[in-house]
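Now for the letters of each chain:
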Protein chains: 2
Amino acid sequence: MLAIDWGSSSFRAWHLNAAGDILAKLSTQRGILSFQGQGFADYLQAHCGPWLAQSATVIMAGMVGSRNGWQEVPYLPCPAGAEDITAALTSLHSELHPNLQLVPGLQYAGHNGLMDVMRGEETQIIGALQLTEMNEALLCLPGTHSKWAQVEYGSITAFSTFFSGELFALLTKHSSLAGVCDIQVHDEPAFLLGLEQAADIRGLSHLLFSPRAAVVTGQMRPQQAGSYLSGLIIGAEIQGARRALIEPGLLSADKPLLLVGSEVLTQRYQQALAFYQLPCRTISGEQAVLAGLYRLATGQ
Amino acid sequence: MLAIDWGSSSFRAWHLNAAGDILAKLSTQRGILSFQGQGFADYLQAHCGPWLAQSATVIMAGMVGSRNGWQEVPYLPCPAGAEDITAALTSLHSELHPNLQLVPGLQYAGHNGLMDVMRGEETQIIGALQLTEMNEALLCLPGTHSKWAQVEYGSITAFSTFFSGELFALLTKHSSLAGVCDIQVHDEPAFLLGLEQAADIRGLSHLLFSPRAAVVTGQMRPQQAGSYLSGLIIGAEIQGARRALIEPGLLSADKPLLLVGSEVLTQRYQQALAFYQLPCRTISGEQAVLAGLYRLATGQ
């Protein structure tokens, strides 16, 4: 079996045997945004040819199933569990392989009637539940567009997206904060100050100006302002999610928030969650997506 | 007298007689960011030479007094009224003119200990108070970095900045929202929906993803998403300012919020303030800055 996580900015493939053991894996920076909508089959043949030939099933999750990907797969509505997603796997017709399956993303209509969407994270969530043997949980998947998801009876019942990763990148690359925020170093006290200030009732739009004001008045150095901004943005996300999703007593040491993602990002979120006294358990995003792909393809 | 408002991205000059009547005015796009820190005197001589020769005083407000401007003028701490600002006018030594005065910006340390700053808006505020003959007011100055200021006994006692204008520009130019938000048209219902949604307890970081989710799921067209995003950002600003600054009964038809700015921007904010049932009175930003410069230079 060939399991693939093909996102906007990265490509990851695992060649698995029938028991799910990893025989080989490949990771590149060729996310779907680098393809301009074509050349997916050629890329797969060139880099995964032998594995394709040896695999009865190829399963792919992530933005590869979006409008700008290989083939658009409609979003599946919530609530949706592993069985629902498996039933909605979509065959991709290609001469490359007789059994190419795309995992659908999910959509969720909140009480405000507006849709939220995910593509790829549903597979990580299914995998995280599998790895932890849980069927009730609150999960946080930090990233470009962080996702917070609620799982009940093994189904994803609701989720909310936060713009955190993209907002931080935008501000530190293209805004008037770029010149006052140095993001090469991590300054712990400044990060913690950002987490503390994130509770300001004036909200994030006010807070985003504060690194600039602090630097021009000499209150902060640029090396501090970058970490402070990171604390503001991660803090605004966690506090927003907490207000909406975390009733008192929902999380405990026995029933922690599941934090799923890369090592660097989950370390920062762990620190922030500890600051707000929210218990969490960290799960590798790579292990989660792999477990999810295997579960969705095999039912195991 | 020559009165000048020299900001980041624009230059405005008025030649006034002793009574404050406008003899001539000039407006260009040569904000201080286009100068790379030099050439200010040459520009003024080339474009305002005859007025310089006829004026006993030249007064300049705005980013021209910042680190990246002609000469840095320290921020004056709040509370500060017209007399305090006049007393802190800083002479700029130049062969161009014997009496060149720079208006200082203001800084304000909130209860959280972090500084906020303004440069140029203090002059508009002083002018707005002059034009309305008020010495107690709450003011909103929408813009790249919107300012909300409290005035008591004629002094600016506190203010808060919001990143609204820059955030909207960043998101619609450089982010993943650029492709899904058309900002060429104004869609009124979508703008109002944004104002309504701005109250979501998950906060702005969550809301910023919603235009994208609404467009990819077909709930909204890009022509709606741009106005919806504008409503979200302006709404988040007004609600944040309201939570912090507007106690029930503070504003009334007799004592409205003073809204100071350009026609296009104040129209949008007027609509938003009406949506939230906050009474306001609009004052032209150009008239306000001119009245402020005259007041600060002459004491009248």
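These figures come from a predicted structure and were not determined experimentally.

1. Here we look at the overall build of chain A
Alright, step 1. On a plain count of helices and strands, chain A comes out with 10 helices and 15 strands.
Alright, step 2. Against the 2.2 N^0.38 benchmark of 19 Å for 300 residues, chain A shows a C-alpha radius of gyration of 20 Å, consistent with a compact globule.
Alright, step 3. The principal-axis extent of the C-alpha atoms belonging to chain A is close to 65 × 40 × 35 Å.
Alright, step 4. Within chain A, the proportion of its 300 residues that are buried is 58%.
Alright, step 5. Nonlocal contacts in chain A, meaning residues at least 24 apart in sequence, comprise 64% of its contacts between residues at least 6 apart.
Alright, step 6. For chain A, the accessible surface area stands at approximately 12,200 Å², while carbon and sulfur atoms represent 49% of it.
Alright, step 7. A distance of 7 Å separates the average location of the 16 positive side-chain charges in chain A from that of its 24 negative side-chain charges.

2. Examining the interface of chain A and chain B
Alright, step 1. Residue-level contacts link 46 residues of chain A with 46 residues of chain B.
Alright, step 2. For the chain A and chain B pair, buried surface summed over both sides reaches about 4,200 Å², with 61% attributable to carbon and sulfur atoms.
Alright, step 3. Counting the surface chain A buries against chain B, the share from its top three residues, Phe163, Arg202 and Phe209 of chain A, is 17%.
Alright, step 4. Linking chain A with chain B are zero salt bridges.
Alright, step 5. The set of elements that each furnish at least two residues to the side of chain A that touches chain B consists of β10 (115-118), β13 (155-162), α4 (164-174), α5 (188-197), α6 (204-207), α7 (210-216) and α8 (222-245) of chain A.
Alright, step 6. In terms of residues, the side of chain A that touches chain B owes the most to one element, α4 of chain A, which gives six residues.

3. A closer look at the side chain of Ser205 of chain A
Alright, step 1. Within the fold, Ser205 of chain A resides in helix α6.
Alright, step 2. According to the relative accessible area criterion, Ser205 of chain A is buried, its value standing at 2%.
Alright, step 3. For Ser205 of chain A, the residues in contact, after removing those within four places along its chain, are Thr161, Phe162, Phe163, Ser164 and Leu204 of chain B.

4. Topic: the environment of Asp187 of chain A
Residue and element names in this part refer to chain A.
Alright, step 1. Structurally, the position occupied by Asp187 is in the loop between α4 and α5.
Alright, step 2. For Asp187, a relative accessible area of 18% gives the class buried.
Alright, step 3. With 38 residues separating them in the primary sequence, Asp187 and Ala225 have C-alpha atoms 8.7 Å apart.
Alright, step 4. Excluding residues that lie within four positions of it along the chain, Asp187 makes contacts with Gln223, Gln224 and Ser227.
Alright, step 5. Of the polar contacts made by the side chain of Asp187, one reaches the backbone nitrogen of Ala190; its length is 2.9 Å.

5. What to know about the sheet that holds β10 of chain A
Residues and elements named next belong to chain A.
Alright, step 1. What the three strands build is an open sheet, ordered β5-β9-β10; its pairing is mixed. Taken across any chain shown, the strands that pair with only one partner, and hence form the sheet edges, are β5 (76-77) and β10.
Alright, step 2. Sheet topology places strand β9 (residues 106-109) next to β10; four bridges connect them, and they run antiparallel. In the strand pairing of β10, Tyr108 is matched with Asp116.

6. Here's the deal with the pattern of salt bridges
Side chains that carry opposite charge are capable of pairing whenever their charged atoms lie near each other.
All names here are of chain A.
Alright, step 1. Scanning the entire structure with this criterion turns up 10 salt bridges over all chains.
Alright, step 2. One salt bridge in this structure joins Asp5 and Arg12, with 2.9 Å as the shortest N-O distance.
Alright, step 3. Among the ionic pairs, Glu286 bridges to Lys25, the shortest N-O distance being 3.0 Å. With Glu286 in helix α10 (residues 285-298) and Lys25 in strand β3 (residues 22-28), this pair connects stretches of sequence that are 261 residues apart.

What counts and how
- Residues numbered from 1 in each chain as written.
- Chains lettered and ligands numbered in written order.
- Predicted model: local features only at pLDDT ≥ 70, side-chain atom pairs only at ≥ 80, totals over all residues.
- Heavy atoms only, no water.
- Helix = DSSP H or I, 4+ residues; strand = E, 2+ residues; numbered from the N terminus.
- Rg over C-alpha atoms; globule rule 2.2 N^0.38 Å.
- Buried < 20%, exposed > 50% of the residue type's maximum accessible area, 1.4 Å probe, protein only.
- Contact = heavy atoms within 4.5 Å.
- Areas by Shrake-Rupley, 256 points an atom, 1.4 Å probe, with all protein chains shown as cover.
- Lys, Arg positive; Asp, Glu negative; His and termini not counted.
- Charge placed at Lys NZ, Arg CZ, Asp CG, Glu CD.
- Buried area = accessible area lost by both parts, 1.4 Å probe.
- Salt bridge = Lys/Arg side-chain N within 4 Å of Asp/Glu carboxyl O.
- Polar contact = N/O pair within 3.5 Å; in protein donor to acceptor, adjacent residues only side chain to side chain.
- Pairing = 2+ DSSP bridges.

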